[in-house]
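Okay, here's what each chain looks like letter by letter:
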Amino acid sequence: MSSIDEIKSRIDILDLAAEAGVKLRRTGRNHTGFCPFHSNTRTPAFVIWPESGTWRCFGECNEGGDIFKFVMKKEGIDFKEALQRLADKAGVTLERLQSEKPEQKEENLRLRNLLEDVATFYRHQLLQTEAGKPALTYLLEKRNLTEQTIEAFGLGYAPHSWDATLKHFTAKGFSEQDLLDVGLLSERDSGGYYDKFRNRIMIPIRDENGKMTGFGGRILDPDDIPKFMNSPQTALFDKGRLLYGLDRARKPIRAADQAVIVEGYLDVIAVHQAGYENVVSPMGTALTDDQLRMLKRFTRKIVLALDPDVAGQKAVLRGLDAAREAMDREEEIGFDARGLLRHEARLQADLRVATMPDDLDPDEIVAREPAEWARLIAAAKPIVEHVLDVLVSEQDVNDPKVKAEIAARIVPLIEDLPNPVERDSYRQMLARRLKVDERTLTGIKLAGGTARRAPRQRAEQAEVQESTQAPKASSVSPFRKMEAACLGHILRRPDLLPRLDRRLQEAGLSALSVTDFEYTDYQAILSLIQRSLEQDESDTTAFVHFRLVDELGETHSELLALPAPKGTDDRLLDEMTRQVLQMRRTVMSESVNQLRFLTEETQASELNQTAQQYARVLHAIDQARKRLSEYRRE
Ligand SMILES: [Zn+2]
């Protein structure tokens, strides 16, 4: 869910209207009142549809929109400012809003191009040079990667030299500062710079849209440290917001309705090669909320495929006892059951754990037998069940002391779950596994929850409460989805927009306009697309990209990630026309119904004209829809 959808789901349009002093009356599914934007105390022409989170004034204003539009109109501010205010109100952080100057974007594009060049340089070193041979041999023979895979993932080799990369790129006209800005240099104590990555296998790390952000480097010489090294944090490389492989995995994740998280980049590559492409990896650190949120846009079912030393007994015990800070160590995902459960509740995700058997890494599993991977992932267990399994394994659960100890560890975890049905079923499961009476487990929280842990529990309860207010999974309304589908098409094929407009006009309807969209973020994107078609300085996609308010970036990539339709341009135009007509019809027929109700109720003749006008438009839409479906049948 994007930050914008999150804000929408946390702020109720009805509350917003009430705060603005609008007195509303419930009329069926809707609420009506006097419009706060024009002065009129006779006709209540202002309507709110809580389900879609939208409003409309059928009187003088004759316009409508979502919560953002409401605040924009009420306060006389622009979208960006309304977004910031409502984000504050909803407690949603819009971190990206600050860094959105067009100059910054141009600069980022320049640095991304530099990184692309560097990736090409490393690839050349790996495939075409004598010095790259050992690295290539390692990838082919030790890692069982094919040449096609190495090519597809753009793997490379950083030369065994203090300045090969530095010299190559300064000779090409880049400055030391450029190379420093993309994280390729380290600074000498005595001043001056040297290559950060030396004698390493280089793995280009791209964002979900395939844009270069940085590199991961793996050692070849076993004596080198660290074994894995990432680019440092830069303007482009933000490891808490990246998932390795997501650019290639996002479609397969959506298709499989499941994402699998492994620990290493080379594991991602090997598992993709084996035919399971819904696999990604974090950047060598604990999973962040942002990363899970990114995945949640494609699926809510997420499986953590963890090595036994991460998901096993020691780690689970440490994860239950140790403070969270200690778990956030670099170079290790860490298994923090409480943290994961909180993520799960907050994001309404379905998190499961799959454990790799026999001390094998994912790449070794698929090398042994690819089908085994599918079986392991299918057998993934919910987090609480996994923890229970780990605690119960290799222990004598007939020993009363062991029983008490396990219960003391796991009951607080169960009590933290926000869902009472889940809590009950886990308590039953625990009682069965420990062979105790379920009733004896309910008192344990007080006995087992020691004083040492009390402050943390309070903090966690606060968070659990917060999570019950968290957005409902269903909070994206069908109407918003319909608009998203339509705008997604236009965003991918802006060149078809003039033809779409012509079609609408030939059917006696108006050309597509921002007011066809109820949601302000979609309006803003359509307006950019329209402007992009009126200029010829830059390519339409680049124009839109560079002018997006940063926080719309998420909406933008969500739209681009929607399933792309196939077929000829004519088919696509049919589909787009159908969508626009459907959107207009939904709004119009709701409006006509609403107006009919309002005129009957208030006997206000002034709304009659509006009602007639709407009814005419509705008729024209229906005619156009009929023609379109007849045309399709031919
Ligand atoms: Zn009004």
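Visitor: Please provide a residue-by-residue account of the overall build of the protein chain, values included.
Guide: Check the secondary structure of the protein chain and you find 31 helices and 16 strands. Buried positions account for 52% of the 634 residues belonging to the protein chain. In the protein chain, once contacts between residues fewer than 6 apart in sequence are set aside, the share between residues at least 24 apart is 67%.

Visitor: Can you break down the pairing of strand 2 (residues 30–33) residue by residue, with the values?
Guide: Along strand 2, one buried face is formed by Asn-30 and Thr-32 and the opposite face, lined by His-31 and Gly-33, is buried too. Between strand 1 (residues 24–27) and strand 2, which pair antiparallel one after the other, the connecting turn spans two residues, and Gly-28 there sits at a positive phi close to 65°.

Visitor: Quick rundown of the sheet that holds strand 11 (residues 228–230)? Include the residues and the values.
Guide: Strand order across the open sheet formed by four strands is 6-9-10-11, with antiparallel pairing between neighbours. Both edges of this open sheet fall to strand 6 (156–158) and strand 11, since each of them pairs with a single strand only. When strand polarity is set aside, the average angle formed by the axes of neighbouring strands in this sheet is 35°. Strand direction decides the pairing type here: strand 6 and strand 9 (residues 200–206), joined by three bridges, are antiparallel. Looking at the pairing, Ala-158 lines up with Arg-200 of strand 9.

Visitor: Can you lay out the nonpolar core for me, pointing to particular residues and giving the numbers?
Guide: Counting residues in each nonpolar core, the largest one holds 76 residues, and the members touching the most others are Ile-7, Phe-46, Phe-58, Ile-490, Leu-500 and Leu-512. In terms of residue count, helix 30 (residues 569–602) provides more of this core than any other element does, 11 residues in total. Split by domain, the residues of this core number at least three in each of domain 1 (3–97) and domain 5 (478–633). Counting 44 residues, the second-largest nonpolar core is a separate cluster that includes Leu-292, Val-411, Ala-431 and Leu-441.

Visitor: Describe in detail the coordination of the zinc ion, supporting the description with residues and values.
Guide: Tetrahedral coordination by four donors places them ideally at 109.5 degrees to one another around the metal; octahedral coordination by six donors ideally gives 90 or 180 degrees. Looking at the metal site, the zinc ion is ligated by Cys-35 (SG), His-38 (ND1), Cys-57 (SG) and Cys-61 (SG), spaced 2.0 to 2.3 Å from it. Metal-centred angles of 99 to 115° between the four donor atoms at the zinc ion mark the site as tetrahedral.

Visitor: Talk me through the packing of helix 27 (residues 520–534) against helix 29 (residues 552–561); I want residue IDs and the actual numbers.
Guide: The interhelical angle for the contact between helix 27 and helix 29, taken along N-to-C directions, is 75°, at an axis separation of 11 Å. Put simply, helix 27 runs roughly perpendicular to helix 29. Residue-level contacts link Asp-521, Tyr-522, Ala-524 and Ile-525 of helix 27 to Leu-552, Thr-555, His-556 and Leu-559 of helix 29. Of the residues contributing to the contact of helix 27 with helix 29, the split by class is five nonpolar, two polar and one charged.

Visitor: Lay out the sheet that holds strand 4 (residues 54–57) in plain terms, naming residues and giving numbers.
Guide: Taken in spatial order, the five strands line up as 1-2-3-4-5 in an open sheet, and their pairing is antiparallel. The sheet is open, and its two edges are formed by strand 1 and strand 5 (63–65), each paired on a single side. In this sheet, neighbouring strand axes are inclined to one another by 20° on average, regardless of whether the strands run parallel or antiparallel. Bridge count between strand 1 and strand 2: four bridges; the pairing is antiparallel. Paired with Leu-24 across the strands is Gly-33, a residue of strand 2.

Visitor: Before we move on, can you summarise the packing of aromatic side chains with the specific residues and values?
Guide: Following the criterion strictly, the structure yields 18 aromatic pairs and no others. Judged by centre distance (5.3 Å) and plane angle (55°), the ring pair of Phe-37 and Trp-55 falls under tilted. Linking Phe-37 in the loop between strand 2 and strand 3 (46–49) with Trp-55 in strand 4, this pair joins segments that are 18 residues apart in sequence. A residue is classified by how much of its surface remains accessible, and Trp-55, at 0% relative accessible area, is buried. Ring geometry for Phe-479 versus Tyr-519: centroids 6.4 Å apart, planes at 50°, classification tilted. With Phe-479 in helix 25 (residues 478–492) and Tyr-519 in the loop between helix 26 (497–506) and helix 27, this residue pair connects regions lying 40 residues apart in the sequence. Tyr-519 shares its class with Phe-479; the two are buried. Here the aromatic residues Phe-121, Tyr-122, Phe-169, Phe-174 and Phe-215 are joined through ring pairs into a cluster of three or more. Here Arg-248 stacks its cationic end above the ring of Phe-153, 4.6 Å away from the centre of that ring.

Cut-offs and rules
Residues numbered from 1 in each chain as written. Predicted model: local features only at pLDDT ≥ 70, side-chain atom pairs only at ≥ 80, totals over all residues. Heavy atoms only, no water. Helix = DSSP H or I, 4+ residues; strand = E, 2+ residues; numbered from the N terminus. Buried < 20%, exposed > 50% of the residue type's maximum accessible area, 1.4 Å probe, protein only. Contact = heavy atoms within 4.5 Å. Pairing = 2+ DSSP bridges. Axes fitted to C-alpha atoms, helices over the stretch in contact; angles between N-to-C directions. Core = buried A, V, L, I, M, F, W, Y, C linked by side-chain atoms within 4.5 Å. Domains from an automatic or database assignment. Donors = N, O, S within 2.8 Å, 3.2 Å for Na, K, Ca; no water. Tetrahedral: all angles 85-135°; square planar, octahedral: opposite > 155°, others 65-115°. Parallel < 35°, antiparallel > 145°, perpendicular 65-115°, else oblique. Nonpolar A, V, L, I, M, F, W, Y, C, P; charged D, E, K, R; others polar. Phe/Tyr/Trp six-rings, centres within 6.5 Å; stacked < 30°, edge-to-face > 60°. Lys NZ or Arg CZ within 6 Å of the ring centre and 35° of its normal.

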